[in-house]
Structures are given as C-alpha cells and as structure tokens.
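If you want the building blocks of each chain, they are given just below.
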There are 2 protein chains.
Amino acid sequence: MHRATLREVAERAGVHPATASRALNAATESMVNATTAARIQKVAKELGYSPNPIARSLKTSRSTSIGLVIPDLTNPLFPPIVRGVEDVLRPAGYNAWIVNTDSQNDIEADAVVSLRQRNVEGFVFATALLDHALLKDLAESSVPVVLVNRSTGIADIPAVTPDDAAGIQMAVQHLVDLGHREIVHLAGPQDTSTGATRRKAFRQALEDQGLTHDADRIHLCETWSEEAGARGMGIMLDSDIPFTGVVAGNDQLALGAFEALTERGLTCPADVSVVGFNDIPFIDKVSPPMTTIRIPHVEIGAEAARMLLEQLDDPTRHPRSVLLPVTLVVRGSTGPANPARTA
Amino acid sequence: MHRATLREVAERAGVHPATASRALNAATESMVNATTAARIQKVAKELGYSPNPIARSLKTSRSTSIGLVIPDLTNPLFPPIVRGVEDVLRPAGYNAWIVNTDSQNDIEADAVVSLRQRNVEGFVFATALLDHALLKDLAESSVPVVLVNRSTGIADIPAVTPDDAAGIQMAVQHLVDLGHREIVHLAGPQDTSTGATRRKAFRQALEDQGLTHDADRIHLCETWSEEAGARGMGIMLDSDIPFTGVVAGNDQLALGAFEALTERGLTCPADVSVVGFNDIPFIDKVSPPMTTIRIPHVEIGAEAARMLLEQLDDPTRHPRSVLLPVTLVVRGSTGPANPARTA
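Residues numbered from 1 in each chain as written. Chains lettered and ligands numbered in written order. Predicted model: local features only at pLDDT ≥ 70, side-chain atom pairs only at ≥ 80, totals over all residues.

Caption draft 1: Representation of the relation of the copies chain A and chain B. Laying chain A over chain B is done by rotating through 180° and shifting 0.0 Å along the axis; what remains is an RMSD of 0.1 Å. This pairing of chains is accounted for by a two-fold axis. Same-surface contact between copies: 100% of interface residues of chain A are shared with the interface of chain B. (Least-squares fit on C-alpha atoms with pLDDT ≥ 70 in both. Contact = placed C-beta atoms within 7 Å.)

Caption draft 2: Fine view of the sheet that holds strand E8 (residues 245-248) of chain B. Residue and element names in this part refer to chain B. With parallel pairing, the 4 strands of this open sheet are ordered in space as E7-E6-E8-E9. Unpaired on one side and paired on the other, strand E7 (218-220) and strand E9 (273-275) mark the two borders of the sheet. Along the sheet, successive strands turn relative to each other by an average axial angle of 20°, direction set aside. Bridging between E8 and E9 involves 3 bridges; their strand directions are parallel. Bridged to Val-246 within E9 is Val-274. The strands touched by helix H10 (residues 226-238) within the sheet are strand E6 (183-187), E7 and E8, with E6 carrying the most contacts at an inclination of about 150°. (Pairing = 2+ DSSP bridges. Helix = DSSP H or I, 4+ residues; strand = E, 2+ residues; numbered from the N terminus. Axes fitted to C-alpha atoms, helices over the stretch in contact; angles between N-to-C directions.)

Caption draft 3: Main features of the domain arrangement of chain A. Residues and elements named next belong to chain A. Partitioning chain A into domains gives domain 1 (6-60), domain 2 (65-162 + 297-324) and domain 3 (164-295 + 329-342). Taken together, the 15 residues of domain 2 in the interface contact 12 residues of domain 3. The set of elements that each furnish at least two residues to the side of domain 2 that touches domain 3 consists of strand E5 (159-162) and helix H12 (297-313). Of the residues that constitute the side of domain 2 that touches domain 3, the class distribution is 8 nonpolar, 5 polar and 2 charged. (Domains from an automatic or database assignment. Nonpolar A, V, L, I, M, F, W, Y, C, P; charged D, E, K, R; others polar.)

Caption draft 4: Broad picture of the sheet that holds strand E8 (residues 245-248) of chain A. Residue and element names in this part refer to chain A. Taken in spatial order, the 4 strands make up an open sheet running E7-E6-E8-E9, and their pairing is parallel. In this open sheet, the two edge strands, each paired with only one partner strand, are strand E7 (218-220) and strand E9 (273-275). Between one strand and the next, the sheet's axes are offset by a mean angle of 20°, whatever the strand orientation. Judged from the 3 bridges that link them, strand E6 (residues 183-187) and E7 form a sheet pairing that is parallel. Looking at the pairing, Leu-186 lines up with His-219 of E7. Contacts from helix H9 (residues 193-208) reach E6, E7 and E8 within the one sheet, and its direction differs from that of E6 by about 170°.

Caption draft 5: Structural context of the interface of chain A and chain B. Counting residues at the interface gives 43 residues for chain A, matched by 43 residues for chain B. Those elements that provide at least two residues to the side of chain A that touches chain B are helix H2 (17-23), helix H4 (53-60), helix H5 (78-89), strand E2 (95-100) and helix H6 (105-117) of chain A. With 8 residues, H6 of chain A is the largest single contributor of residues to the side of chain A that touches chain B. Its residues placed into classes, the side of chain A that touches chain B shows 21 nonpolar, 13 polar and 9 charged.

Caption draft 6: Local environment of the confidence of the model for chain A. Residues and elements named next belong to chain A. Counting all residues, the mean pLDDT for chain A is 90, and 94% of those residues have values of 70 or more. The low-confidence segment residues 53-62 (pLDDT under 50) makes 25 contacts with residues lying over four places distant or belonging to another chain. Interface predicted TM-score (ipTM) for the complex: 0.75; the corresponding pTM is 0.79. (pLDDT = per-residue confidence, 0-100.)

Caption draft 7: Up close: unusual backbone geometry. Following Cys-268 of chain A, the chain continues to Pro-269 of chain A via a peptide bond in cis, the omega torsion being 10°. Relative to the assigned elements, Pro-269 of chain A resides in the loop between helix H11 (251-263) and E9. Even without being a glycine, Asp-102 of chain B presents a positive backbone phi close to 55°. A positive phi angle, close to 80°, is found at Phe-282 of chain B, a residue other than glycine. With respect to the helices and strands, Phe-282 of chain B occurs in the loop between E9 and strand E10 (292-294).

Caption draft 8: Examining the environment of Thr-194 of chain A more closely. One can find Thr-194 of chain A in helix H9. Distance from Thr-194 of chain A to Thr-267 of chain A, taken between C-alpha atoms, is 28 Å for residues 73 residues apart in sequence.

Caption draft 9: Inspection of the packing of helix H8 (residues 164-177) of chain A against H9 of chain A at higher detail. Residues and elements named next belong to chain A. Contact geometry of H8 with H9 gives a least axis separation of 8 Å together with a crossing angle of 40°. The angle between H8 and H9 falls in the class oblique. At the point where H8 passes H9, the crossing takes the right-handed sense. Seen from H8, the contacting residues are Asp-164, Ala-165, Ile-168, Gln-169 and Val-172; seen from H9, they are Thr-194, Thr-197, Arg-198, Ala-201, Phe-202, Ala-205 and Leu-206. (Parallel < 35°, antiparallel > 145°, perpendicular 65-115°, else oblique. Left-handed = near helix turned anticlockwise from the far one by under 90°.)

Caption draft 10: Examining H11 of chain A more closely. Residues and elements named next belong to chain A. Compared with the 18 Å implied by 1.5 Å per residue over 13 residues, the 18 Å span of H11 between its first and last C-alpha is a close match. Of all 13 residues in H11, 10 are buried; the element is thus mostly enclosed. Of the positions making up H11, those classed as buried are Asp-251, Gln-252, Leu-253, Ala-254, Leu-255, Gly-256, Ala-257, Phe-258, Ala-260 and Leu-261. Buried positions along H11 lie against E6, helix H10 (226-238), E8, E9 and strand E10 (292-294). Where H11 ends, the next residue or the one after it, Gly-265, has phi of about 75°, a positive value. (Expected span 1.5 Å × (residues − 1). Buried ≥ 20, exposed ≤ 12 C-beta atoms within 10 Å, placed from the backbone.)

Caption draft 11: Representation of the pairing of E5 of chain A within the structure. Residue and element names in this part refer to chain A. Side chains Ala-159 and Thr-161 project from E5 onto one buried face, and the interleaved Val-160 and Pro-162 project onto a second face that is buried too. Looking at chain direction, strand E4 (residues 145-148) and E5 are connected through 2 bridges and run parallel. The partner of Val-148 across the bridge, within E5, is Val-160. As judged from the 3 bridges shared by E5 and strand E11 (residues 322-324), these two strands associate in the parallel manner. Across the sheet, Thr-161 pairs through a bridge with Leu-323, a residue of E11.

Caption draft 12: Fine view of H12 of chain A. All names here are of chain A. Counted at 1.5 Å a residue, the expected span for H12 with its 17 residues is 24 Å, and the 25 Å between its end C-alpha atoms agrees. Taken together, the buried positions of H12 are His-297, Ile-300, Gly-301, Ala-302, Glu-303, Ala-304, Ala-305, Met-307 and Leu-308. The elements touched by buried residues of H12 are strand E1 (65-70), H5, strand E3 (123-125), E4, E5 and E11.

Caption draft 13: Seen up close, the packing of H5 of chain A against H12 of chain A. Residues and elements named next belong to chain A. Here H5 crosses H12 at 40°, and the two axes come no closer than 6 Å. As judged from the angle between their axes, H5 and H12 are oblique. H12 is crossed by H5, and the crossing has right-handed handedness. In this structure, H5 uses Pro-80, Ile-81, Val-82, Arg-83, Gly-84, Val-85, Asp-87, Val-88 and Leu-89 to contact H12, whose residues at the interface are His-297, Val-298, Glu-299, Ile-300, Gly-301, Ala-302, Ala-304, Ala-305 and Arg-306. Grouping the amino acids of the contact of H5 with H12 by side-chain chemistry returns 11 nonpolar, 3 polar and 4 charged.

And the structure:
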C-alpha cells in the first residue's frame, strides 16, 4: 500500500509542506491558523498519512533531509556557503543536517554512516580531498552527492567550485600591474583541489608573464591556517629568495603572511604586497584591509543545493561540474613594488 | 526482548563505540583493523545487535544524536560554541546535528519537529528568547534541553551563559578608569537575555559610579548586527547627548559604532572610545583592534554539552544554570576621555 507523504498532504491541502508539517505535530500545531490546521489534518487522515518519519523512512527511504558535511565551521569561509545551501533547500521543503568533521576521516565516516542510516536523501560535501575513500564508496553505492568549494579526482561526482585558476591569474596580473616582478606563492595543502589547482595556476601565471618560476618560489603549507601561513612566510623571508609580492592560497594563509612580515619589522604593502583568496567575512576590516579574490560563497552553496535537488529528481541525469566566476577585490594590502627589496 | 545497543557491543568487544560503528558498516569496515573488525562482528552477532539505528530507535527511542540549534552560523560567535559542544559530545559517542534557524520561529519549529521525530535524545539551543513558545512546549514534554549563551524566562530549563552583568560592569569601570564620565550603551534586542541583562547591568553600573544614567543614554538596537549598531550610533551622535564612551551590547554593534564614527569624521578612540562584548574571532585584527569583554566560547559550549549528557544520564537531576566568568581584553578602541567632546 502506498503511504502518503507530507508533500502529497500539503499539495492536496494547498499549503506549503512546512505548514503541513507544523499542523500535523502537536508541538507546533498552534503556530498554524486553526481553520487551515483542521483542513490539513482532515486531508492527512483521508490519505492515511503517518506523521512518524522514522516509520515512514523505513518504508520509503525518503526523509526530506540532506547531510551537509563541513570541515571546520570556525573557518569563516564555510558559514556563508551553508547559508547558500539552506537558502535553496528550505523553499524545496528540505532540511540540512550540518556536521562538522574537523577534517578528520573517522569523524566524517561516522557522521555519514549515521546520516545514511537515518535515510538522508543525499549529501553536500565541503570536505573533498583529491583522493577520498569515503567519496569513492558513496559514488559506487550511487548515493547522490554534490561537492562544494572543492572537487575530487573521482570523475562521477559533480562539484561546484570557484574558478581557482582564473583567480590566481588575476592576483598575479594585479601584482604585475603594480610593477612586481618577483612573486612567491603560499600554497595550501596539496591533497585538496583548491590547494593543487591554485598552485599549478600560480606557476602557469608566472610563466605566462615571463617571470622567474623556480620551484622554490612556492612554499607548500601543511594546513589552511594562519599559523601555517606565518610559518611558510617566515621561511621564505629568511631564505635568500628576493620577492616583493605574495599570492596566498587563501585569506588565512595571507593573514599569517601579515604576521610574519610584522615580526620581521616589514610593512605591508610598503615592503611586501600580499593577495589573499576567498574574501572571507571580516577580511575587509583587518589591517591592512586585504586585497583578495572574491569567490561567490552564498552562490556556490546555492548552486550545489540546486544540483543536488536536480539529482534527487532525476538520478539518471549526467553528472557535471560547475565553475563559478571570481573577482579581484583591491584593498590596502597591495601597492607598488618596492625596488629596494629586490635591488 | 532486549536488543543490544552499539555501546553494549563496543563494551563487550573492548573498543570505542565509534570503532564498533565503523566495523559494523560495510562502507567503513575497511577503516578498522581486520582482526578487531572480525571480533566486533562476532560480538554483535552473539548479542543480536541490529545495525539499523532507525529500526532500533523505533524500539528504544535512543539514537546517540543530539540537535544543536543555532540562530546564525555566519555570526562568528557561534562556531566556537559549536566546537565546544562537539568536543564533549564526540568522546561520549554522540553526534551533533546542527541546524541554523536564521532566528526564524517557523524554521526552528520545523527543524525541532524533524529532529524529535528522528529520536534525537536532547537539544542544545543557542536561540533562546526570554519568551519562547517552543522551549515551553519542550519543557512541558520533558525533552532534555540545555540553553547556551542565552537563557530564557522559563524556570526549568538549564542554561550556560557568560556572566553578562559582570562583563558590562568591567566595561564601564574600564571607561571610568580612563576618565570617561559620559557613557552610552548600544543595547541588543530586548527579547534575548543577553540584550536585557546587559542593558540592565549598564544602567546599574552607571548608577553605581554616580554617573548620569537617563534613559536616553541607552539606544535599543533591533538586531545584533553591524548595520543596527551603525544606525543606533548615528542616532546618538546626531542627538544632543554628550558622550565620550560607548559600551556596545556585542562586537557587531561595536563594529557598527566604528562605522558611524568614521562616517561623521570622528576617530576611535581619540574622539570616542568603544567597548565590544564577546571577543569574536578576528575582532583583534580590525582597525582599531577592539577592546571587548571575552566570553569563554568553547567552554560555554563544552559546559552545555556536559550538562546535557548529565541530564540524559539522570533525568531526575535538578536543573541548574551556570554562569561562566568573562574578562576584559584591552586593545586599541579605548583611550583617555576627550574633554573637548563634552566641554
């Protein structure tokens, strides 16, 4: 026997599924206009709707929830992406259960198992690694997954990412336009698409500009943190590589660069210019206000949610990946090259 | 018949519940040492453990998950609180499903209904209002709930909050020590305990210091946002109330005050000193670095999680509320009172 879903009840009653849900629950019924609530309850009875989604999800494997897997909510990059995902899911009648993995594989695996066993319909992952065992497993078991911000090496999983390579080109071009000829890169972890793509794009941009692009112009940071950026910048400043411009893999690494410069009595941008990446909240208010590459955070999340909903509606639709355009935002951390630094 | 829980299997096999969970799931089994996995699977079979928590939660109403209800993840105050909650829950074998309510009652009610129907064992709410219908309902139906950051007017619901009144006293004392005699307050929304408690404490502190404390020295902001702070500060600056010091209800309101001062050609702290509240991430990097009241974000979350676990272990335990101490962090946004402003 077909059991009516909340959406069918809502449709028949002519209300939004969220309203139907409230009307059918004692804890929230009072939030719905009494006449409307009565109509919804009547329809639910007629259709034999069961208000217990656990019982129902056992029968139908549907829960109108998706899992949203985030590496670290204390990184200000992610909350606006979460916002974008929710902005699209909610009007479609979906909840997002957010889990914070702390970039740890075992926490992620536990959370995904737990969510799958509660029949979430799909996942948005912001934690993708280029080589990611759990994502491979999910792809093989045909669980609907969309990646956000980062992509992976696995062909079948769609991703919504910023145009990392274009952003790095803009950052290098901006420094070149300011007269910089000696530019270095603080690269993020190379097991992420953002880290690897931005690093490759940096090398390519230097080559395209006819600038020195030896391997020692790129420092690989172990994490995406301010601390790792400060360490990396310190190592480069203490080396004999001359440079006046820094392209950082993200804004936190760039903040670390600020710190290392200050520690050595150098001024940004008078001595060294620094460009970040992401345009995280508050980065316009730091000192100096950071020149950075703005990625459309909310839109990246929204687009990922749209792609997941499309997959849920039509599982046979061919997977595709989406690059969203980025823009250069010029603020106070970049200025003309200081010739004394490379003379 | 008693059905074995994951914890019982883990205990018998001498492993952490998370390890048992992985060993009992095909998607994650390979992450566990093969000998250990085989032992866990044998124990599970002996105990008749069912690996489907949906089926099990129908029987036992246990899910080893709790709901974590946050008003707005893009407010940097909340991610470190989430971190604290998770730091305590995870070693105890619990997942936190985070929901973001956008401070909207209907979104909150939907999410709570959905989580309850999936048998989460309890909730941590960061969204509490002084008068909060949903919290009343939950209290009446004896659902374990702990409030974090904000408390409510409902007696039975325990809360872990910063010592708001002490923080405001410290802020006023700091300004008085710098020679300020004319101090105003940008108060947050008065339907929250943080907004109301801080406002009352401000009035009391002025009175204790023997300073003017007319009602017009307090501006009530509609939201906790930078925009609301800028509007409020603008209104006070354009009025004929003389002042050299501002105590803001939180850091975002204080950032708005910075903005309104700059717009009017005034300098912080030369013309007006500003004290924030919360010490959110990045607020030490803004210009000028903000003097503020530091609340122990991570510890507030951790303590709330501990109280919830205690409630789950012993539902008869008498509810209690906890105030955590705060500290004044002096940075660049406060300085000596400018006598010209009040002369």
